[in-house]
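Structural characterization, general
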Amino acid sequence: MKLSKINKAFMMIIVFVAISLLLSIVYLIQINENKKQASQTSAVLINQLEHIIANNKAKEDTLVASLKENYIAKAKTISYIIDNSPETAGNLVELIKIANLTQVDEIHLFNATGTIYGGTTPQYYGYSFDSGEQMAYFKPMLEDKELTMCQDVVPNTAEEKPMMYAICWNDQGTQMLQVGIEPFRLMEELRVNDISEVVKGIATYTGITVVVADKASGEIQGATLPSLVGKKLDEIGMIFQGNAVDHVRMFEGSINGEESYYAVHGYDQYLVAVIQQRSIVDKDVPQILGIVAVYLFVAVIVSLLIIRKLTTRAYKEQKNATTDYMTGFLNRRGYENHIEAYNAAPPEENFVYVSMDLNGLKQINDTFGHMVGDEVIKAAASCMKACFGNYGDLFRIGGDEFVAMIVADDNQLEQIKGDFEKMTRTWCGNLVKGLSVSYGCVRGKEFPEKSLTEIAEIADMRMYQAKQEHYRVNGKDRRRSN
């Protein structure tokens, strides 16, 4: 019983360790799968945002190129008008009319040295290509009279107002004409395409934040969480090696106070990042582990029940194969197994082999029938069990042949023999009034060099001697009578 409890406890520990190990493996697999899913989601969002940025940039470039061509054409048209009406060059009112007609905001007339001498804004008279960075952009015009130039949107020198300026030489090469236009259409396009506005339009899920930062400074210029705009990436905890991330890379860390996965990719002058809270990404892990734990528990219980049933069945089959159904004693097969085990191991010091045989069973069967004979066999077995059973194993190796292999010292053996003789002598059945069993005992220490088979032969010989004495006293050997 004690050994059985130890085995059960050991088995439970093994089952617990196995389930814990399996759950740990499932946890790691699920976390890894969630991380892969987070990486895929990040890649999709990053690709979507970069695609929008690229499209917007292409649209801007196309629009700028179109505007530059248009503004240069306006400059050439106005230059042609003034060349054909030289008097308008000094007439402010006429120049303003021409500006309104051609839909430009400013007209400036430059002499051959690059100085403004006329135009719609007298306050600019006297400015030259040396009057600041914005003006200096046009210095190449002095070197090449075939050249036309159009500047990107810049704040003009005097008012810091965003303007686009286009310039060309007149046909005679005596002066340059510049037009200035406030590009409202382009400014609106730039406003709509500003990175902060673009990021606002990105659709995300709960727990996901998209961030776009300047690659050089790390300053966040756009984010789906507005409170992050203006902060540096390292301020919110986004740490990674280098700022030139040429492919999407996944990291883990605490971002803005939340344990997160975050993916980063360098694109143009930006660093594009997608932040996903781990608590959201891994929210299904406890549920999955719970389901797996229940499944494993049920599987283990069912497996144990099946194993127990199969073990019980195997034990019963083995027991039935080695047990005599009438007496419950081990049968001939069980007896032979014990012989092999005994011969393979050293015997107990007080080992005793007892060979027993019922007297007169054949006559009882012939006279009263086998049912009465079976009653006698069961009665003899009951006496044997009562006397020998607590000391060892009992075997029925034939119809009326029995064996006991016990461990008993001299005093115990004498007590057992006395009890057995008294019990068989006093037994009384319904049809048979007496029970007689002849037996022969051999102590293992009598013949320490002999095998159990040899000891059994000696015990059989002693039993037959006792049987002959019984028949000598009580009459002929009725087992052989007809």
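See the structure printed just above.
Heads up: these notes are all about the structure in this document. Being a predicted model, the structure only gives us computed values, none of them experimental. (Residues numbered from 1 in each chain as written. Predicted model: local features only at pLDDT ≥ 70, side-chain atom pairs only at ≥ 80, totals over all residues. Heavy atoms only, no water.)

**Notes on the overall build of the protein chain**
- Across its full length, the protein chain carries 12 helices and 15 strands.
- Here the protein chain has a C-alpha radius of gyration of 56 Å; the compact-globule value for 482 residues is 23 Å, and the former is much larger.
- Seen through its C-alpha atoms, the protein chain measures out along the principal axes to roughly 170 × 45 × 35 Å.
- Taken across its 482 residues, the protein chain has 39% of its residues classed as buried. (Helix = DSSP H or I, 4+ residues; strand = E, 2+ residues; numbered from the N terminus. Rg over C-alpha atoms; globule rule 2.2 N^0.38 Å. Buried < 20%, exposed > 50% of the residue type's maximum accessible area, 1.4 Å probe, protein only.)

**With respect to the sheet that holds strand β15 (residues 437–443)**
- An order of β13-β14-β12-β15 is seen for the four strands of this open sheet, with the pairing classed as antiparallel. Looking at strand neighbours, the two that pair on one side only are β13 (392–396) and β15, the edges of this open sheet. Adjacent strand axes in the sheet meet at a mean angle of 15 degrees when their direction is disregarded.
- The strands touched by helix α12 (residues 452–474) within the sheet are β12 (351–358), β14 (401–407) and β15, with β15 carrying the most contacts at an inclination of about 145 degrees. (Pairing = 2+ DSSP bridges. Axes fitted to C-alpha atoms, helices over the stretch in contact; angles between N-to-C directions. Contact = heavy atoms within 4.5 Å.)

**Considering the environment of Asn430**
- Along the chain, Asn430 falls in the loop between α11 (410–426) and β15.
- Here the alpha-carbon distance between Asn430 and Val372, two residues 58 residues apart in the chain, equals 8.7 Å.

**Digging into the nonpolar core**
- Core analysis: the biggest nonpolar cluster contains 32 residues, and Met356, Leu358, Met384, Phe388 and Phe420 have the highest contact counts within it.
- The greatest single-element share of this core, amounting to 10 residues, is contributed by helix α10 (residues 370–388).
- Other than its neighbours up to four places away in sequence, Phe388 contacts Val354, Met356, Leu394, Ala404, Ile406, Ile416 and Phe420.
- Ile78, Ile107, Ala166 and Cys168 belong to the second largest nonpolar core, which has 23 residues in total. (Core = buried A, V, L, I, M, F, W, Y, C linked by side-chain atoms within 4.5 Å.)

**A look at α10**
- Between the first and last C-alpha of α10 there are 26 Å, a value that for 19 residues agrees with the 27 Å anticipated at 1.5 Å per step.
- If you check which residues of α10 are buried, you get Val372, Gly373, Val376, Ile377, Ala379, Ala380, Ala381, Cys383, Met384, Cys387 and Phe388.
- Of the surrounding secondary structure, the elements contacted by the buried residues of α10 are β12, α9 (361–368), β13, β14, α11 and β15. (Expected span 1.5 Å × (residues − 1).)

**Examining the pairing of strand β5 (residues 162–169)**
- With respect to burial, β5 is a largely interior element, seven of its eight residues being buried.
- Bridging between strand β3 (residues 149–150) and β5 involves two bridges; their strand directions are antiparallel. The partner of Cys150 across the bridge, within β5, is Ala166.
- When strand β4 (residues 154–155) meets β5, the two strands line up antiparallel, connected through two bridges. From the neighbouring strand, Pro155 faces β5, where its bridge partner is Pro162.
- Across six bridges, the pairing between β5 and strand β6 (residues 176–181) is antiparallel. Note that in β6 the partner of Ile167 across the bridge is Gln178.
- Here β5 hands over to β6 after six residues, with Gly173 in that stretch at a positive phi of 70 degrees.

**Re the sheet that holds strand β10 (residues 258–267)**
- One open sheet accounts for five strands, arranged β8-β7-β11-β10-β9; its pairing is antiparallel. The open sheet terminates on both sides in strands that have one partner only, identified here as β8 (220–223) and β9 (249–255). Strand after strand, the sheet turns through a mean of 30 degrees between neighbouring axes, direction not considered.
- Pairing of β10 with strand β11 (residues 270–277) involves eight bridges; the strand directions are antiparallel. Bridged to Ser260 within β11 is Gln277.

**Digging into the pairing of β14**
- Burial runs high along β14: five of the seven residues are buried.
- Two strands pair when backbone bridges link them, and β12 and β14 are joined in this way by seven bridges, in the antiparallel orientation. What sits directly across from Ser355, in β14, is Val403.
- Sheet analysis places β13 next to β14, joined by five bridges and oriented antiparallel.

**Re the environment of Pro448**
- Considering the arrangement of structural elements, one finds Pro448 in the loop between β15 and α12.
- You can call Pro448 exposed: its relative accessible area is 60%.
- When the C-alpha atoms of Pro448 and Pro347 are compared, they prove to be 8.7 Å apart, with 101 residues separating the residues in sequence.

**As for a nonpolar patch on the surface**
- Together, Val294, Phe297, Val298, Ile301, Val302, Leu305 and Ile306 give the surface a local cluster of nonpolar side chains, amounting to about 620 Å² of exposed area.
- Relative to the helices and strands, Ile301 is located in helix α7 (residues 285–322).
- Ile301 sits in the partly exposed class, given a relative accessible area of 34%. (Patch = residues over 30% accessible without salt bridge, like charges linked within 9 Å, V, L, I, M, F, W, Y side chains within 5 Å. Areas by Shrake-Rupley, 256 points an atom, 1.4 Å probe, with all protein chains shown as cover. Salt bridge = Lys/Arg side-chain N within 4 Å of Asp/Glu carboxyl O.)

**Looking at the environment of Val274**
- Mapped onto the fold, Val274 is located in strand β11.
- Apart from residues lying up to four places away in sequence, Val274 is in contact with Ser42, Leu45, Ile46, Ile208, Thr209, Val210, Tyr261, Tyr262 and Ala263.

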